Amino acid sequence: MSDQVHTSETSRSAATPPGHFPPVEDLVACPTCDALYQLPDVPKGARARCLRCHTVLTAPRDGAMTRIVMLAGTSVILMLAAIFFPFLELTAAGITQRSSIMDVVLVFADGPFVGLAIAVGALIVILPLARFLALIYVLAPMAFGWRPARVAVPVFRLAERMKPWSMAEIFIVGVAVALIKVAGLAHLSLGPAFWAFVALVLITAVKDTFMCRLTIWKTLEQRSQW
Ligand SMILES: [Zn+2]
């Protein structure tokens, strides 16, 4: 039996006759508590929330795909800036040390910590970058109203799987904590890469608020049949 769903504008019932179970492809599971719903068409600008845990199930917005593509493009540029520009400059006892994120990764590349170098490189640079590029690949054709790219469905699925492993924001929190510890021992100055990284984390957060996964999956499904 499917529950009812409230949209922010109207309360609609997705009632099903007793004893009749709707087809599985019409059902949507709440990503948090797995409650099943038969969603009505939610108008643009409205939200449908789970009755049990209030997780947003769908929140279609006008022009969301174009905005996500533009924000993902901005993130790619910021990430490239964050990799190659100086991240941090430390001065202690007259000696100045400047390092970029690439230097941090390469410091561990020799010796026993090579696994750590690979993990740091993958989690804070390669996976977030791959995810931004995957989102552009999947959403850019649809933002223009075209048919989705050839392997858009598996690429979007992969981008969704990568999400928990893209740890750019955790890295920046870690750096902030480390900086507080080091601040008393040396003179610190933050490079352009640090600010590029902070901007990247904020843009990623804004991008995720625009991203309604259900709408993207539905659009992918509909347009793949064109
Ligand atoms: Zn729920």
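Residues numbered from 1 in each chain as written. Predicted model: local features only at pLDDT ≥ 70, side-chain atom pairs only at ≥ 80, totals over all residues.

A. Expanded view of the overall build of the chain. Per the secondary structure count, the chain includes seven helices and nine strands. Over its C-alpha trace the chain gives a radius of gyration of 22 Å, far above what one expects of a compact globule, namely 17 Å for 226 residues. When the backbone C-alpha atoms are referred to their principal axes, the chain occupies close to 80 × 35 × 35 Å. A burial count over the chain gives 23% of its 226 residues as buried. Across the chain, every contact between residues at least 6 apart in sequence was considered, and the portion connecting residues at least 24 apart equals 63%. (Helix = DSSP H or I, 4+ residues; strand = E, 2+ residues; numbered from the N terminus. Rg over C-alpha atoms; globule rule 2.2 N^0.38 Å. Buried ≥ 20, exposed ≤ 12 C-beta atoms within 10 Å, placed from the backbone. Contact = placed C-beta atoms within 7 Å.)

B. The confidence of the model for the chain, seen in detail. Per-residue confidence for the chain gives a mean pLDDT of 82, with 91% of residues at or over 70. Ranking the helices and strands of the chain by mean pLDDT puts helix 1 (residues 64-84) first, with 90, and strand 2 (residues 11-12) last, with 41. Counting contacts from residues 1-5, a segment whose pLDDT is below 50, to residues more than four positions away or on other chains yields 21 contacts. Note on residues 7-15: pLDDT is under 50 here. Beyond four places in sequence and across chains, it has 20 contacts. (pLDDT = per-residue confidence, 0-100.)

C. Focus on the nonpolar core. The biggest cluster of nonpolar side chains holds 19 residues, and the ones touching the most others in it are I68, L135, V138 and L139. Looking at this core, the elements that each hand over two or more residues are helix 1, helix 3 (114-143) and helix 4 (152-162). Considering every element that reaches this core, the biggest residue donor is helix 3, with seven residues. I68 has contacts with L135, L139, K207, F210 and M211, leaving out every residue within four places of it along the chain. Counting 16 residues, the second largest nonpolar core, distinct from the first, contains M79, A82, F87 and V120. (Core = buried A, V, L, I, M, F, W, Y, C linked by C-beta atoms within 7 Å.)

D. How the structure looks around the sheet that holds strand 8 (residues 95-99). Judged by pairing direction, the sheet is antiparallel, and its three strands sit side by side in the order 8-7-9 without closing on themselves. The two strands at the open ends of the sheet, each matched to only one other strand, are strand 8 and strand 9 (187-190). Within this sheet the neighbouring strands show an average axis-to-axis angle of 15°, counted without direction. The sheet contact formed by strand 7 (residues 88-92) and strand 9 spans four bridges and is antiparallel. Residue pairing in the sheet places L88 in a bridge with L190 of strand 9. (Pairing = 2+ DSSP bridges. Axes fitted to C-alpha atoms, helices over the stretch in contact; angles between N-to-C directions.)

E. Geometry of the environment of S224. With respect to the element layout, S224 can be found in helix 7 (residues 213-224). With 12 C-beta atoms counted inside 10 Å, the residue S224 sits in the exposed group. For the pair S224 and V153, spaced 71 residues apart in sequence, the C-alpha separation works out to 9.1 Å. Aside from chain neighbours lying at most four places away, what touches S224 is P148 and V153.

F. Region of interest: the domain arrangement of the chain. Domain annotation for the chain reports domain 1 (5-58) and domain 2 (64-224). On a C-alpha basis, the centres of domain 1 and domain 2 stand 33 Å from each other. (Domains from an automatic or database assignment.)

G. Structural context of helix 3. Helix length check: helix 3 (30 residues) gives 41 Å between terminal C-alpha atoms against 44 Å at 1.5 Å per residue, within 8%. A bend of about 45° at A122 is the largest found in helix 3. Within helix 3 the residues assigned to the buried category are V120, I124, V125, P128, R131, F132, A134, L135, I136, V138, L139 and M142. Check the buried side of helix 3 and you find it contacts helix 1, helix 2 (101-107), helix 4, helix 5 (168-182) and helix 7. Immediately downstream of helix 3, the backbone of G145 shows phi near 80°, a positive value. (Expected span 1.5 Å × (residues − 1). Bend = angle between axes of the 7 residues up to and from the residue.)

H. Expanded view of the packing of helix 5 against helix 6 (residues 192-210). Across the interface, helix 5 lies against helix 6 with an axial gap of 9 Å and an inter-helix angle of 135°. It follows that helix 5 is oblique to helix 6 by the angle criterion. The chirality of how helix 5 crosses helix 6 is left-handed. On helix 6, the residues that touch A168, E169 and I172 of helix 5 are F197, V198, L200, V201 and T204. (Parallel < 35°, antiparallel > 145°, perpendicular 65-115°, else oblique. Left-handed = near helix turned anticlockwise from the far one by under 90°.)

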